[in-house]
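# Overview (structure and organization)
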Amino acid sequence: MNHLSSFQKMQVAAMTPALFLLMTLRRFFQVLFYALFKFGKSKEEIHAQFRQTMLDIERLLLMRDSPPGPPPSLSWGSKRDSHHDAPTKNISQTLSAEDLGMLLLHIHECRSILWQSRRRFRSVEIRNVAEDLAELSGERGPVSVSQQLMIISRMSRTYPFLKVVSSGIPFENLIPGG
């Protein structure tokens with residue numbers, strides 16, 4: 001019995017380099033296959049697409065955070081008091097139905113990118129981003145526009161794929177004649 005177990009140990013030890021070689025070759029050909037035939041988008045393209053969608057969400061929320069008040073009324077023949085024309089700012093402003101629909105469309109796009117390209121993200125990132133998107137959409141309870149902007153800010157600070165990596169070229173060199 002002791003002889004048989006040592007023989008099995010030798011077989012496992014002999015198979016280990018072969019398994020390691022097969023895993024390495026599989027990964028090499030997988031990368032080569034994607035690089036040659038351009039199946040799917042690269043990790044950078046996926047992350048750039050996700051960043052662009054998050055930028056669209058941020059633009060939408062910034063425009064609704066403190067919208068400008070109505071223009072002042074003309075005083076020609078108007079007998080209204082001027083203190084009634086002052087715009088009032090709602091502290092806990094939420095989105096209108098149309099804006100909420102646009103926000104949900106952008107969030108759906110982010111979720112689609114996340115699930116269709118889940119190999120391009122770590123599992124921890126997928127779980128955390130999904131939770132943040134649920135908070136952003138109001139699935140965890142009502143949120144104001146300022147709270148949504150804080151969620152976007154937190155996401156931008158937290159996830160490395162939302163940060164734009166500098167090319168190292170000074171901005172002045174990009175401008176012709178500058």
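For the structure itself, look to the data block above.
Residues numbered from 1 in each chain as written. Predicted model: local features only at pLDDT ≥ 70, side-chain atom pairs only at ≥ 80, totals over all residues. Heavy atoms only, no water.

## Side note on the pattern of salt bridges
Tallied over the full model, the rule gives 7 salt bridges. In this structure, Asp 56 and Arg 59 form a salt bridge, with 3.6 Å as the shortest nitrogen-oxygen distance. Taken together, the residues span about one helical turn, with Asp 56 and Arg 59 both in helix 2 (residues 43-65) at a distance of 3 residues. Judged by its relative accessible area of 48%, Arg 59 is partly exposed. We note a salt bridge from Glu 125 to Arg 122, for which the minimum N-O separation is 3.5 Å. (Salt bridge = Lys/Arg side-chain N within 4 Å of Asp/Glu carboxyl O. Helix = DSSP H or I, 4+ residues; strand = E, 2+ residues; numbered from the N terminus. Buried < 20%, exposed > 50% of the residue type's maximum accessible area, 1.4 Å probe, protein only.)

## Some remarks on the nonpolar core
Phe 50, Met 54 and Ile 57 are the most contacted members of the largest nonpolar core, which has 25 residues in total. The dominant element in this core, judged by the number of residues it contributes, is helix 2, at 6 residues. When near neighbours in sequence (up to four residues on either side) are disregarded, Met 54 contacts Cys 110, Leu 133, Ile 152, Met 155 and Leu 162. (Core = buried A, V, L, I, M, F, W, Y, C linked by side-chain atoms within 4.5 Å. Contact = heavy atoms within 4.5 Å.)

## Let's talk about helix 2
An ideal rise of 1.5 Å per residue puts 33 Å on 23 residues; helix 2 measures up with 33 Å between its terminal C-alpha atoms. Considered for burial, the residues of helix 2 that qualify are Ile 46, His 47, Phe 50, Thr 53, Met 54, Ile 57, Leu 60 and Leu 61. The inward-facing, buried residues of helix 2 contact helix 3 (97-116), helix 4 (123-137) and helix 5 (145-158). (Expected span 1.5 Å × (residues − 1).)

## Focus: a positive patch on the surface
Among the surface-exposed residues, Arg 26, Arg 27, Arg 118 and Arg 119 lie close enough to one another that they form a single positively charged patch. With respect to the secondary-structure elements, Arg 118 resides in the loop between helix 3 and helix 4. (Patch = residues over 30% accessible without salt bridge, like charges linked within 9 Å, V, L, I, M, F, W, Y side chains within 5 Å. Areas by Shrake-Rupley, 256 points an atom, 1.4 Å probe, with all protein chains shown as cover. Lys, Arg positive; Asp, Glu negative; His and termini not counted. Charge placed at Lys NZ, Arg CZ, Asp CG, Glu CD.)

## With respect to the packing of aromatic side chains
One pass over the structure, following the stated rule, counts 5 aromatic pairs. For the ring pair Phe 28 and Phe 29, a centre distance of 5.3 Å and an interplane angle of 70° mean the geometry is edge-to-face. Taking the centre distance of 5.7 Å and the plane angle of 20° together, the rings of Tyr 159 and Phe 161 count as stacked. Phe 161 carries the same exposure label as Tyr 159, and that label is buried. Linked through ring pairs, Phe 50, Phe 121, Tyr 159 and Phe 161 together constitute an aromatic cluster. (Phe/Tyr/Trp six-rings, centres within 6.5 Å; stacked < 30°, edge-to-face > 60°.)

## Structural notes on the side chain of Glu 125
For Glu 125, the position within the fold is in helix 4. Setting aside residues up to four positions removed in sequence, Glu 125 forms contacts with Pro 160 and Phe 161.

## Regarding helix 4
In a regular helix each residue adds 1.5 Å, so 15 residues correspond to 21 Å; helix 4 covers 21 Å between its end C-alpha atoms and thus fits that length. Turning to helix 4, its buried residues are Glu 125, Ile 126, Val 129, Asp 132, Leu 133, Ala 134, Leu 136 and Ser 137. Contact partners of the buried residues in helix 4: helix 2, helix 3 and helix 5. Gly 138 occupies a position one or two residues after helix 4 and carries a positive phi of about 90°.

## Brief notes about the packing of helix 3 against helix 4
At a minimum axis separation of 10 Å, helix 3 and helix 4 run at an interaxial angle of 170°. Compared by their axis directions, helix 3 and helix 4 come out roughly antiparallel. Contacts from Leu 100, Leu 103, Leu 104, Ile 107, Cys 110, Arg 111, Leu 114 and Trp 115 in helix 3 reach Ile 126, Val 129, Ala 130, Leu 133, Ala 134, Leu 136 and Ser 137 in helix 4. For the contact of helix 3 with helix 4, the class distribution of residues is 13 nonpolar, 1 polar and 1 charged. (Axes fitted to C-alpha atoms, helices over the stretch in contact; angles between N-to-C directions. Parallel < 35°, antiparallel > 145°, perpendicular 65-115°, else oblique. Nonpolar A, V, L, I, M, F, W, Y, C, P; charged D, E, K, R; others polar.)

## Considering the packing of helix 4 against helix 5
When two helices pack together, their arrangement is given by the angle between the helix axes and by the axis-to-axis distance. For the pair helix 4 and helix 5, the least separation of the axes is 9 Å and the interaxial angle reads 165°. For the element pair helix 4 / helix 5, the angle class is roughly antiparallel. Classified by chirality, the crossing of helix 5 by helix 4 is left-handed. Contacts from Val 129, Asp 132, Leu 133, Glu 135 and Leu 136 in helix 4 reach Gln 148, Ile 151, Ile 152, Arg 154 and Met 155 in helix 5. Each residue belonging to the contact of helix 4 with helix 5 can be placed in one class, and the counts come to 6 nonpolar, 1 polar and 3 charged. (Left-handed = near helix turned anticlockwise from the far one by under 90°.)

Interpretation note: all reported values are geometric properties and have no functional meaning in isolation.
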